[in-house]
Amino acid sequence: MATRKRVRGVIASRNKLEVAMLNAGIRSQSELAKLIAEKENINSPPRDLVNRTFRQTRVSHQTITRIATVLDVPPHSLFLTQDELESEEELNPVTVTDGAIYNDTSEPRNKDLEYELDTSEENVHENLIPPSPPPTSPTTAVKTPRNAGTLRHTYIVAFFIISAALISLTSLWNPSKNTVDSVTTPLAKVQSLMIIKGTSELEKELARKLTKRLKKDFTISSVSISDIAANDSPYSLAENYNVDLVISLELVEKGIFKALLGFAYTTANKTLLASLIDSETIVTEKTIDKSSAKLESALKQYLAAPEYSYKGLDETNAKNYVSSQALLHKGLNEGNVNAALEKTHLILAAAPKNPLVLAQLCNLYAQKMYLTADDNYLVHATDACNRASEQAKDKPEVLFSLAQKSRRENDIESAIAYYLEVLKVSPNYSSAYVGLTESYLKKFLMTKDSEAMSLAKENIVKASRLAPNDWMIPFIEARLHYYEGNASLALKKFEESKDIEVTQNVLGNLGSIYFCNGNIEAAFQNYKAMEHEFGASNISDHLLATASFYMQKYDDAIEYNLKSLETMADSNSNGLYPIWINLGDSYLAKGMKQEAMGAYEQAVKISQRSDQNTTVIVDQLYAYLHISRINHTFETESVKMGIRDELSSIESQVSDPGAKFRSMVIWAYLGEKEKARSIQKVLTAQCKGLAKYPGVEKILN
């Protein structure tokens, strides 16, 4: 047998591939393969090609060029360097030297060979209105490639609050050494500097302050980016402008989140001096002065030590940190949380002890726990928060993550205490005010304490002064107005939030406001817009199921509910209990009693894993009611008495519109028609759409 000839080829760096893929917004190797197929107009995605490249197997130059084209990066930027290659060969000589180049269009036989991340829906949802159910025979659920989120107790609308808004500047640091491009040869004596001013006011102000600090030791010149010739390389500036060293400030922005990177350029080297990030929203003279002092100190260390390397987050990781924060801020989407987690884990691979990144990890897992109702994520959140606290327990970002985690655990008093600690350390931290607002609102909903509502209003006003361009501010103001019974003002505020940024939160809640105003068709159209804009998800399917049910399009409603459950099964859940209740109601509307009973039983089973608050208990009683009616045991006095006694014990605490509706139905079946009618009047004033539930008059009469 002839010996197969080894083909050398080239090797790509898995780490560089993953970073480029994340920066391009591509979530998995499978998605990358599909995009290559689309771009090249070929029938089969070259999954095997992508898989081998990520395994750091030798492949052809053309293979990497095909991948680089989709990632929109130069092919050479993905290669292993010679030093990296030698290191890889020492660690794993077989993989690096013996990989053969296969046909670039070949595919794996097993389609499940690669894991493709399903995306879906931060921050937490806290719903406004209650979804009602849909019905029919099970139809095949369509798997949603995007936005596979999960729904939380209250239904129709999900409200999410997110993590932190940051702008100003305080070093993003890491106690462990993190090597950046280092200067390998001593610099000649530096006497003159040029500081390149950026285009933003922040960059200009910091450049001015830095110039003032440095002019006592150096001859300083400055130039605007717009004054530099477009073809000038940063490395040529020192020679072109006859200075010893060039200092460049680069502002990285992702939505309301910012990082400012300071670089030193010689004719041969680019060195990161500092990455400046803070969670305060307002840039003050104090923060600018503090940041310029950090840059001055870093510059002097750099000039004094040829082996200088920045000990904080490097350029790529600083940008990934800002991206992770921005993804989390987009809300209502587990997919955003997943993407943010990916970026955060990439950072931690290089900086495992960075307290800000660990705090971000804690916050993300807390959001994940809330969205999926999976307490396993709480273990990860707690571990990350503990590690962050070990590194920097008084850092505002660490305190903020502890507050967020406490709120996700419904420990409202602890959350409030942590948010207040954040503001003691960092008084312009707008997201801490947002968190306080959410906490006081939740306290109001649980206790009906008017002081809690007053504090919620007070804190959202403070947040709006600090972050007027944050879509979360009018969004939360809308919720406050809604819970005070002013649906028209809530609608106006949701529209304001939408004008700032179109999010799933806003579209979902706009639909729910229309729903509560009794305009079910308008609600349906907003839910469809959410699906169109962000892709189908369990959230959009659930909302569309609700609207379809109220329009008495029961077959459509059942199909949407089943799709929602299918999606949630893909995200480690059998579906949260409200969807099962809706599905049970839907089957009842079709006369499919056994299917309905199965759905109600599943709702009870899942709800037992939830926090047993008033809303959950009412929903459980509602499910028990229908199960006993289908089983013909409802007329048993002990069954009726048990339901009546438990509902009576919590009646005064029921505030959620959906829970009110279900309690109305329960009282009607128990023969308490007057009590049911009085609830209907209150409910009609709060959410007219709910009072239009199909068949409600038959139940009440």
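Here, every reference points to the structure presented above.
Just so it is clear, the structure is predicted and the values come from calculations on it, not from any experiment.

Definitions and cut-offs
Numbering of residues starts from 1 in every chain and runs along the sequence as written. Owing to the predicted nature of the model, reporting of local features is limited to residues with pLDDT of at least 70; listing and counting of side-chain atom pairs is limited to 80 or more, with chain, interface and lining totals taken over all residues. Side-chain metrics in this entry use all non-hydrogen atoms of the structure; hydrogen atoms and water are not considered. In this scheme, a residue with accessible area under 20% of its type's maximum is buried, one over 50% is exposed, and one in between is partly exposed, where area comes from a 1.4 Å probe on protein chains only. To qualify as a helix, a DSSP run of H or I must reach at least 4 residues; to qualify as a strand, a run of E must reach at least 2; elements of each kind are numbered from the N terminus. Strands are treated as partners if at least two bridges between them are detected by DSSP. Note on aromatic contacts: the rings of Phe and Tyr and the six-membered ring of Trp form a pair at centre separations within 6.5 Å, being stacked when their planes are under 30 degrees apart, edge-to-face when over 60 apart, and tilted otherwise. Whether a charge sits over a ring depends on NZ of Lys or CZ of Arg being within 6 Å of the ring centre and within 35 degrees of the ring normal.

Undergrad: Report on the pairing of strand 5 (residues 257-265), specifying residues and quantitative values.
TA: Taken across its nine residues, strand 5 has nine buried, putting it largely inside the fold. Residues of strand 5 alternate between two faces, with Phe257, Ala259, Leu261, Phe263 and Tyr265 on one and Lys258, Leu260, Gly262 and Ala264 on the opposite face, all of them buried. Pairing geometry for strand 4 (residues 245-254) and strand 5, over nine bridges, is antiparallel. Bridge pairing in strand 5 places lysine 254 opposite phenylalanine 257. Hairpin connection between strand 4 and strand 5: a loop of two residues separates the two successive antiparallel strands, and glycine 255 in this loop has a positive phi of roughly 65°. Pairing between strand 5 and strand 6 (residues 270-277): six bridges, direction antiparallel. Within strand 6, the position partnered with glycine 262 by the bridge is alanine 274. Hairpin connection from strand 5 to strand 6: four residues lie between these consecutive antiparallel strands.

Undergrad: Lay out the packing of aromatic side chains in plain terms, naming residues and giving numbers.
TA: The relation between two aromatic rings is expressed through the spacing of the ring centres and the mutual angle of the planes. A full pass over the atoms with the stated rule returns 15 aromatic pairs. Each ring, one from tyrosine 550 and one from tyrosine 693, has its centre 5.6 Å from the other, and the planes form 85°; the classification is edge-to-face. A residue pair is termed long-range when its members are at least 10 positions apart, and tyrosine 550 in helix 22 (residues 538-550) and tyrosine 693 in the loop between helix 29 (673-686) and helix 30 (696-700) qualify at 143 residues. Within the aromatic cluster, the residues linked to one another by ring pairs are Phe515, Phe549, Tyr550, Tyr554, Phe661 and Tyr693. Across from the ring centre of tyrosine 370, 5.7 Å away, lies the NZ or CZ of arginine 408, which sits over that ring. Directly above the aromatic system of tryptophan 667 lies the positively charged group of lysine 675, at a separation of 4.1 Å from the ring centroid.

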